[in-house]
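# Summary of structural features
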Amino acid sequence: MLNIYKIKIPTPYQSGPVNSYLIKNEPYTLVDPGPDYPMAREALLEGLAALGVAPADLARIVLTHSHSDHCGLARWLSDKACAPVYVHRLERRKLVPGYDYYGERLPFLRQSGLPGEVLEEILEDSDPLEMPVLNGRVEEVQGGEVLGFEGGSLRLLHMPGHAPGHICLHDCEQGNFFSGDFLLKEITPNPVMEVDPTDTSRRLPVLTQYLEGLRLLKTLDLRLIWPGHGQNIENTMEAIARAIRHHERRLEAVLRILEENCWNAYQVMRYFYPKIKGFQVFLGISEILAYLDYLVAGGQVTREDRNGISYYRRT
Ligand SMILES: [Zn+2]
Ligand SMILES: [Zn+2]
């Protein structure tokens, strides 16, 4: 049996604290250390100390994905622990010095019809923390690997949709599941816009990937979900069904709007979110593009490009 402990780590973000998990079976393993700022470091060290564990006792650090609230402290902790960081290759590519987050997304934001001043607002609403970087000992994973422990094991599952290299960890014997940001109790994770690294002129089909992942989850034996934020999920099947329903409803709503309007992604986004600003607009556009790409791929919506902006209407 795996001995799992949750350590709540503060973040400077609206999303609130992040959950870090210690698996206190040899070799001691930590999932998602949290963001890189003093309060989080303190909370992590205190949390570990309360469990009688020093950073040097850790043998592995696993990252569910590269968002800075989850992984910022990985480099620091890996140095302190002399332990490797396990991360999917599609997330690792974003954890290198000089990675230009908006640079590779800018063409898509322009295509969305976003006015110049709103784009400025997004770019000026900068992250309070520096972009995390990994160096030192890194173990690239791709999903399917099994981490062995004294008394149990965790299988890594590649679960894209919120992040292209998102991994979840499944304890097949006891039904524990570390979902990262793939499935949360209180909120629906954003299908964040991502470039296809093999063809940077295209976006990844993030909603298709996400819904496929949710359907896969339904087939697993999940007793308890330990998410990246908030409370554990006991009624796992209900949470999965709710997430699927949420997106189905949203898809229907987008489809209804495009029956009468031929709109760009920014116009659709403003219909749903008239007041949001800055980074929230980026997330809003991300979400709407995920729905539009899904509907275009399914033939329910057609896309038409005019003057560099994509417009959508119901087929
Ligand atoms: Zn995330
Ligand atoms: Zn998160």
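This text gives an overview of the structure that appears in the document. Predicted model, so just to flag it, every value in this text is computed and none were measured. Residues take numbers from 1 onward in each chain, read along the sequence in its written order. Going through the entries in the order they are written, you letter the chains from A and number the ligands from 1. With the structure being a predicted model, the display of local features is reserved for residues of pLDDT at least 70 and the display and counting of side-chain atom pairs for 80 or more, all residues being used for whole-chain, interface and lining totals. With hydrogens and water excluded, all non-hydrogen atoms of the structure serve as input to the side-chain values.

## Considering the packing of helix H7 (residues 206-218) against helix H8 (residues 236-260)
For clarity, the cut-off: Lines fitted to C-alpha atoms define the axes here, with helix axes fitted over just the stretch in contact, and angles between the N-to-C directions of these axes take values from 0 to 180 degrees. Each helix corresponds to a stretch of at least 4 residues labelled H or I by DSSP, and each strand to a stretch of at least 2 residues labelled E; elements are numbered beginning at the N terminus. Oblique is the label for any angle not under 35 degrees, not over 145, and not in the 65 to 115 range, which are roughly parallel, roughly antiparallel and roughly perpendicular in turn. A clockwise turn of the near helix away from the far one marks a right-handed crossing, whereas an anticlockwise turn of less than a right angle marks a left-handed crossing. The contact criterion used is simple: two residues touch if any of their non-hydrogen atoms lie within 4.5 Å. For this classification, Asp, Glu, Lys and Arg are treated as charged, while Ala, Val, Leu, Ile, Met, Phe, Trp, Tyr, Cys and Pro are nonpolar and the rest, including Gly, are polar.
In the contact formed by H7 and H8, the axes pass within 9 Å of each other and the chain directions differ by 150 degrees. One finds that H7 runs roughly antiparallel with respect to H8. Taken as a pair, H7 and H8 cross one another with a handedness that is left-handed. Every residue of H8 that contacts H7 at Leu207, Tyr210, Leu211, Leu214, Leu217 and Lys218 is listed here: Met237, Ile240, Ala243, Ile244, His247 and Leu251. Counted by class, the contact of H7 with H8 contains 10 nonpolar, 1 polar and 1 charged residues.

## Some words on the coordination of the zinc ion (ligand 1)
Six octahedrally arranged donors around a metal ideally form angles of 90 or 180 degrees; four tetrahedrally arranged donors ideally form angles of 109.5 degrees. For clarity, the cut-off: Listed donor atoms are N, O and S within 2.8 Å of the metal (Na, K and Ca: 3.2 Å). As water is not included, a site may look incomplete. Angular criteria define each label, namely tetrahedral for four donors with all angles between 85 and 135 degrees, square planar for four and octahedral for six donors with opposite donors over 155 degrees apart and remaining angles between 65 and 115, and irregular for whatever fails these tests.
The zinc ion (ligand 1) binds to the protein through His65 (NE2), His67 (ND1), His162 (NE2) and Asp181 (OD), with metal-donor distances spanning 2.1 to 2.3 Å. Geometry at the zinc ion (ligand 1) is irregular, judged from its 4 donor atoms and the angles of 92 to 168 degrees they form at the metal. Read in sequence order, the donor residues coordinating the zinc ion (ligand 1) give the pattern H-x1-H-x94-H-x18-D. The metal-metal distance between the zinc ion (ligand 1) and the zinc ion (ligand 2) is 3.6 Å, with aspartate 181 serving as a donor to both. One end of the pair, histidine 162, is in the loop between strand S8 (152-158) and strand S9 (167-171); the other, aspartate 181, is in the loop between strand S10 (176-180) and strand S11 (195-196), with 19 residues separating them in the sequence.

## Description of the coordination of the zinc ion (ligand 2)
Around the zinc ion (ligand 2), the donor atoms from the protein are Asp69 (OD), His70 (NE2), Asp181 (OD) and His229 (NE2), and they sit 2.1 to 2.6 Å away. Seen from the zinc ion (ligand 2), its 4 donor atoms lie at angles of 86 to 149 degrees, and the figure they make is irregular. Counting gaps between the donor residues of the zinc ion (ligand 2) yields the pattern D-H-x110-D-x47-H.

## Section: the sheet that holds S8
Note the cut-off: For two strands to be treated as a pair, DSSP must find no fewer than two bridges joining them.
Ordered in space as S7-S8-S9-S10-S13, the 5 strands form an open sheet in which the pairing is mixed. Taken across any chain shown, the strands that pair with only one partner, and hence form the sheet edges, are strand S7 (146-149) and strand S13 (224-227). Direction aside, neighbouring strands of the sheet carry axes that sit 20 degrees apart on average. Where S8 meets S9, 4 bridges bridge the pair, whose relative direction is antiparallel. Following the sheet pairing, leucine 156 is matched in S9 by leucine 169.

## Quick word on unusual backbone geometry
In this chain, glutamate 26 is followed by proline 27 through a cis amide linkage whose omega measures -10 degrees. Considering the arrangement of structural elements, one finds proline 27 in the loop between strand S2 (18-23) and strand S3 (29-31). You will see that aspartate 32, though not glycine, has its phi angle at about 55 degrees, which is positive. Mapped onto the elements of the fold, aspartate 32 is located in the loop between S3 and helix H1 (38-50).

## Some remarks on helix H3 (residues 74-81)
Convention followed: Burial here depends on accessible area, computed with a 1.4 Å probe over protein chains only, as a share of the maximum for the residue type. Under 20% is buried, over 50% is exposed, and the range in between is partly exposed.
Those residues of H3 that sit buried are Ala74, Trp76, Leu77, Ser78 and Ala81. On its buried face, H3 sits against S3, H1, strand S4 (60-62), helix H2 (68-71) and strand S5 (85-88). Looking one or two residues beyond H3, the residue adopting positive phi is cysteine 82, at roughly 50 degrees.

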